[in-house]
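Given next are the chains, with one letter for each unit.
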Amino acid sequence: MTTPSGDPAPRGRPQRKQVLLRLDPSVYEALARWANDELRSANAQIEFLLRRALAEAGRLPGDTGPLPRRGRPPGGSAPRPPSA
């Protein structure tokens, strides 16, 4: 499998699909506000809502992985600035 640039896809995590989505500007603004309230990006909010709708309809595939975690990886602390 290759990436769009022709490079081999990294092993491990499957490649995520990219989708162009056209939305009414007012729908996007409402979605972006909702995402911000829940500390998500608009993209993550769309995926969250699609997964929830698929699950409620009984159409979410059983092999669907969890939502990817964003932000800083868990574990090690950030380096501390030198004290004066």
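Nothing here was measured: the structure is a model prediction, and the numbers come from that model. (Residues numbered from 1 in each chain as written. Predicted model: local features only at pLDDT ≥ 70, side-chain atom pairs only at ≥ 80, totals over all residues. Heavy atoms only, no water.)

**Student:** Help me understand the pattern of salt bridges, please; the structure alone is not making it clear to me.
**Tutor:** For side chains of opposite charge, pairing can occur when their charged atoms come near one another. Per the stated rule, a full pass over the model turns up 3 salt bridges. Among the salt bridges present, the one from Arg16 reaches Glu47, with a minimum N-O distance of 2.4 Å. With Arg16 in the segment before α1 (25–37) and Glu47 in helix α2 (residues 42–56), this pair connects stretches of sequence that are 31 residues apart. When its relative accessible area of 38% is taken as the criterion, Arg16 is described as partly exposed. Among the residues examined, Glu47 registers a relative accessible area of 19% and is labelled buried. For the salt bridge of Arg51 with Glu47, the shortest nitrogen-to-oxygen distance reads 3.0 Å. Here Glu47 and Arg51 lie together in helix α2, a separation of 4 residues that amounts to about one turn. Across the pair, exposure class does not vary: Arg51 and Glu47 are buried alike. (Salt bridge = Lys/Arg side-chain N within 4 Å of Asp/Glu carboxyl O. Helix = DSSP H or I, 4+ residues; strand = E, 2+ residues; numbered from the N terminus. Buried < 20%, exposed > 50% of the residue type's maximum accessible area, 1.4 Å probe, protein only.)

**Student:** Sorry, what's going on with the layout of surface pockets here?
**Tutor:** If you roll a probe as big as a water molecule over the atoms, it shows you where there is empty space left. For the largest pocket, the calculated volume is near 870 Å³. Around the largest pocket, the lining comprises 25 residues; the ones closest to its centre are Arg16, Lys17, Asn43, Glu47 and Arg51. Broken down by element, the residue count for the lining of the largest pocket peaks at 7 residues, all from α2. Its residues assigned to classes, the lining of the largest pocket comprises 14 nonpolar, 5 polar and 6 charged. The space that makes up the second largest pocket amounts to roughly 190 Å³. Forming the boundary of the second largest pocket are Arg16, Leu39, Arg40, Ser41, Asn43, Ala44, Glu47, Leu67, Pro68 and Arg70. Along the lines of polarity and charge, the residues of the lining of the second largest pocket split into 4 nonpolar, 2 polar and 4 charged. (1 Å grid on protein atoms, 1.4 Å probe; cavity = no way out; pocket = protein on both sides within 12 Å on 5 of 7 lines; lining within 4 Å. Points joined across faces, edges and corners; volume = space filled by probe spheres on them. Nonpolar A, V, L, I, M, F, W, Y, C, P; charged D, E, K, R; others polar.)

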